[in-house]
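Here's the letter readout for the chains.
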Amino acid sequence: MTTTTTAHACPECEGPIHVPDSARLSEILECGDCRSELEIVALGPAVLALAPEIEEDWGE
């Protein structure tokens, strides 16, 4: 079984991002060029955005 991908551009560096056709909404991908974490925010066609930073609350 082969997995097909669709090429997109990284919103940070414009490098190529290959999104598999089996990708899901809110899935996190990493840019191979700039190492940014990208979130899939829409499907059909896929739309990528920078993933939000995880903030620690230190029990507050």
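To be clear, the structure that these remarks concern was listed above.
What comes next concerns the included structure. Only a predicted model underlies this, so the values are computations on that prediction, with no experimental measurement involved.

Our focus in this paragraph is the nonpolar core. Core analysis: the biggest nonpolar cluster contains 10 residues, these being Cys10, Ile17, Val19, Ala23, Leu29, Cys31, Leu38, Ile40, Ala46 and Leu48. Of all the secondary structure elements, the ones that give two or more residues to this core are strand S2 (16–20) and strand S4 (37–42). With near-sequence residues (within four places) excluded, Leu38 lies in contact with Cys10, Pro11, Ile17, Glu27, Ile28, Leu29, Cys31, Leu48, Ala49, Leu50 and Ala51.

Okay, unusual backbone geometry next. Of note, the bond from Gly44 into Pro45 is cis; its omega dihedral lies within 30 degrees of zero at 0°. Take Pro45: it is sitting in the loop between S4 and strand S5 (47–50). You will see that Glu14, though not glycine, has its phi angle at about 70°, which is positive. Looking at where Glu14 falls in the secondary structure, it is placed in the loop between strand S1 (5–9) and S2. We classify Glu14 as exposed; its relative accessible area is 58%. We note that Arg35 has phi near 65°; this positive angle belongs to a residue other than glycine. Within the secondary structure, Arg35 sits in the loop between strand S3 (28–30) and S4. Overall, Arg35 belongs to the exposed group, its relative accessible area being 55%.

About the cut-offs
Residues numbered from 1 in each chain as written. Predicted model: local features only at pLDDT ≥ 70, side-chain atom pairs only at ≥ 80, totals over all residues. Heavy atoms only, no water. Core = buried A, V, L, I, M, F, W, Y, C linked by side-chain atoms within 4.5 Å. Buried < 20%, exposed > 50% of the residue type's maximum accessible area, 1.4 Å probe, protein only. Helix = DSSP H or I, 4+ residues; strand = E, 2+ residues; numbered from the N terminus. Contact = heavy atoms within 4.5 Å.

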